[in-house]
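Inside the fold
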Amino acid sequence: NLTAQFVIIGTHNGTDTSRPDLYQPVNGTNNIGDYVRAMGEVARYYGLPFIDMYGKSGINSLSLTQYTSDGLHLNAEGYRHIASVIAGELQKIEPI
């Protein structure tokens, strides 16, 4: 008897200061932080687990060159790091 559980996983915090359009509201639009907060709200609304990679990934302006190829997209080390963080967070989720 197999069961599946949905988990919502937010995006990492790739704060590339050369791309303020991605991280700063422009002309009333939302930024990535707003998007991640909305993902958390949707998860809570539906009673789903939410892994906040924006806050938990450890990826920030100081580690972008280590974990990303261009300040946004993960490189091989970034994917390994993210996978490790997600695996640890999944272990904390109570099975259904």
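Please refer to the structure placed before this passage.
Since this is a predicted model, take the numbers as computed values, not measurements.

Conventions adopted
- All residue numbers refer to positions counted from 1 along the written sequence of the respective chain.
- Two thresholds apply to this predicted model, a pLDDT of at least 70 for residue-level local features and 80 or more for giving and counting side-chain atom pairs, whereas whole-chain, interface and lining totals are computed over all residues.
- Water and hydrogen atoms play no part in the side-chain values, which are based on all heavy atoms of the structure.
- Strands here are runs of E lasting at least two residues and helices are runs of H or I lasting at least four, both read from the DSSP assignment and numbered beginning at the N terminus.
- Here the term buried applies to any residue with accessible area under 20% of the maximum for its type, exposed to any over 50%, and partly exposed to those in between, with areas from a 1.4 Å probe on protein chains only.
- Note on contacts: a residue pair qualifies if any of its non-hydrogen atoms lie within 4.5 Å across the two residues.
- For the accessible areas, the method is Shrake-Rupley and the probe is 1.4 Å, while residue cover comes only from the protein chains on display.
- What we call a nonpolar core is a set of buried Ala, Val, Leu, Ile, Met, Phe, Trp, Tyr and Cys residues that are connected through their side-chain atoms within 4.5 Å.
- As used in this structure description, the phrase polar contact means that two N or O atoms lie within 3.5 Å; if the pair is within protein, one of them must be able to donate a hydrogen and the other to accept it, and residues adjacent in sequence are counted only when both atoms belong to side chains.

Before going further, it helps to spend a moment on the overall build of the protein chain. Each helix and strand counted, the protein chain has 5 helices and 2 strands in total. In sequence order, the secondary structure elements of the protein chain are arranged as β-α-α-β-α-α-α. Taking all 96 residues of the protein chain together, the buried fraction comes to 31%. Considering only contacts within the protein chain whose residues lie at least 6 apart along the sequence, 64% involve residues at least 24 apart. Of the roughly 6500 Å² of accessible surface on the protein chain, a fraction of 55% belongs to carbon and sulfur atoms.

Let us now look at the nonpolar core. Counting 9 residues, the largest nonpolar core consists of I51, M53, I59, L64, Y67, L74, I82, V85 and I86. When residues of this core are traced back to their parent elements, those giving at least two are α4 (64–67) and α5 (76–91). Each residue touching I51, except ones within four places of it in the same chain, is listed here: V7, I8, I9, G10, I86, E89, L90 and I93.

A few words on the environment of D70. Considering the arrangement of structural elements, one finds D70 in the loop between α4 and α5. D70 sits in the partly exposed class, given a relative accessible area of 42%. Within the structure, D70 has its side chain in polar contact with the backbone nitrogen of H73 (distance 2.7 Å).

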